[in-house]
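Summary of the model geometry
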Amino acid sequence: MSHDEIVNSGDGARSPSMPSSRVSMRTVAFVLACLALALVCIGLALDYFVAERLPELTEDNLRAATELWRKAGPQSYDMDIELRGARPGQVHVEVRNKEVELETRDGRTPGRWTWDTWSVPGLFDTLSQDLDIAQDPEGQIQAAKGTTWLPRCEFDPQFGYPLRYHRLVSGGPEVYWRVTAFHPK
């Protein structure tokens, strides 16, 4: 009878029916590697689906971007915008001599009254309104008590237009958009 087959009689010997209480180092390393991989995957998923590493939108950086656009922005341009959130989609805008000539949303042309919203000046207006609301969502839009808005925005360094925008709202819909193509004409 081998050492492992000896029945445990209180003298430290083990029986085949009683597994060893020792876990192999290989099993421990495998479990730890799986846990580390799971944590990395969760972190990457949160980073991709939730967190946007954008600077906080402030009055100062909005004013600076607006001024840069006023000085350097082209009078004519085409722009494509990806929307995410409650109403995801694609917007295409064509501006000539500071006037919106065409807008499409997911390949369809919406009513003319919406076109200016997606021009660069329209995006600046939206950001300005969101900054005002972020100061007091309860008073500005009758949001639920405790609602917070966290607007974040990155501006194009050459022309100043809003490149990416993410408004995180506690207890409400998030808004996210990013310019995927910008072509001065």
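All values derive from a computational prediction rather than experimental measurement. (Residues numbered from 1 in each chain as written. Predicted model: local features only at pLDDT ≥ 70, side-chain atom pairs only at ≥ 80, totals over all residues. Heavy atoms only, no water.)

**Observations concerning the sheet that holds strand E6 (residues 175-184)**
This is how the line gets drawn: One bridge is not enough; two strands pair if DSSP finds at least two bridges between them. Every helix listed is a DSSP run of H or I at least four residues long, and every strand listed is a run of E at least two residues long, numbered separately from the N terminus. Angles run from 0 to 180 degrees between N-to-C directions of axes, and those axes are lines fitted to C-alpha atoms, restricted for helices to the stretch in contact.
Reading across the sheet, the 6 strands line up as E3-E2-E1-E6-E5-E4 and stay open at both edges, with antiparallel pairing between neighbours. The outermost strands of the open sheet, each flanked by one partner alone, are strand E3 (99-105) and strand E4 (149-155). Neighbour-to-neighbour, the strand axes of this sheet turn through a mean angle of 15°, independent of strand direction. Both strand E5 (residues 162-169) and E6 contribute to a ladder of 4 bridges, which runs antiparallel. Directly across from tyrosine 165, in E6, lies its bridge partner tryptophan 177.

**Comments concerning the layout of surface pockets**
Condition: For cavity detection a 1 Å grid was placed over the protein atoms alone, and a set of points counts as a cavity when a 1.4 Å probe fits there but cannot get out; an open set counts as a pocket when protein lies on both sides within 12 Å along at least five of seven lines, with lining residues being those that have an atom within 4 Å of a point. Grid points are joined across faces, edges and corners, and a volume is the space filled by probe spheres set on the points. Residue classes follow a fixed rule: Ala, Val, Leu, Ile, Met, Phe, Trp, Tyr, Cys and Pro count as nonpolar, while Asp, Glu, Lys and Arg count as charged, and any other residue, Gly among them, counts as polar.
Approximately 360 Å³ is the volume found for the largest pocket. Together, 18 residues line the largest pocket, and Leu83, Arg105, Trp118, Val175 and Trp177 are the ones closest to its centre. Every element with two or more residues in the lining of the largest pocket is listed here: strand E1 (77-85), helix H3 (120-135), E5 and E6. Taken together, the residues that form the lining of the largest pocket break down as 9 nonpolar, 3 polar and 6 charged. Every residue lining the second largest pocket is counted, 13 residues in all, and those nearest its centre are Trp69, Pro74, Tyr77, Lys98 and Pro121. Looking at the lining of the second largest pocket, the elements that each hand over two or more residues are helix H2 (59-72) and E3. Of the residues assigned to the lining of the second largest pocket, the class counts are 6 nonpolar, 3 polar and 4 charged.

**Side note on the confidence of the model for the protein chain**
Worth spelling out the cut-off: Known as pLDDT, the predictor's confidence for each residue is given on a scale from 0 to 100. Throughout, a contact is declared for two residues whenever any of their heavy atoms are within 4.5 Å.
Residue-level pLDDT values for the protein chain average 83, and 79% of them are 70 or greater. Throughout residues 1-10 the model reports pLDDT below 50, and contacts reaching past four residues in sequence, or to other chains, amount to 17 contacts.

**Here we look at H3**
For clarity, the cut-off: Expected span, for any helix, means 1.5 Å times one less than how many residues it has. Exposed residues in this analysis have more than 50% of their type's maximum accessible area, buried residues have under 20%, and partly exposed residues fall in between, with area computed by a 1.4 Å probe over protein chains only.
An ideal rise of 1.5 Å per residue puts 22 Å on 16 residues; H3 measures up with 23 Å between its terminal C-alpha atoms. Every buried residue of H3 is listed here: Val120, Gly122, Leu123, Phe124, Leu127, Asp130, Leu131 and Ile133.

**Topic: the pattern of salt bridges**
As a reminder of what qualifies: In the sections that follow, a salt bridge refers to a side-chain nitrogen of Lys or Arg positioned within 4 Å of a carboxyl oxygen of Asp or Glu.
As enumerated under the stated definition, the model contains 10 salt bridges in all. Across the salt bridge formed by arginine 167 and aspartate 130, the nearest N and O atoms sit 3.1 Å from each other. Here arginine 167, found in strand E5, pairs with aspartate 130, found in helix H3; they are 37 residues apart in sequence, far enough to count as distant. Across the pair, exposure class does not vary: arginine 167 and aspartate 130 are buried alike. One continuous salt-bridge network, built from bridges that share partners, spans Glu67, Arg70 and Lys71.

**What to know about the pairing of E3**
The sheet contact formed by strand E2 (residues 89-96) and E3 spans 6 bridges and is antiparallel. Note that in E3 the partner of histidine 92 across the bridge is threonine 104. Linkage of E2 to E3, two consecutive antiparallel strands, is achieved through a turn of 2 residues, within which asparagine 97 is found at a positive phi near 50°.

**Here we look at the pairing of E5**
Within E5, 6 of the 8 residues are buried, leaving the element largely enclosed by the surrounding structure. Where E4 and E5 come together, 7 bridges link them in antiparallel fashion. Within E5, the residue paired with arginine 152 across the bridge is histidine 166. Adjacent in sequence and paired antiparallel, E4 and E5 are bridged by 6 residues, among which glycine 160 carries a positive phi angle near 95°. Once E5 ends, the chain turns through 5 residues before running back antiparallel as E6, passing glycine 171 with a positive phi of about 75°.

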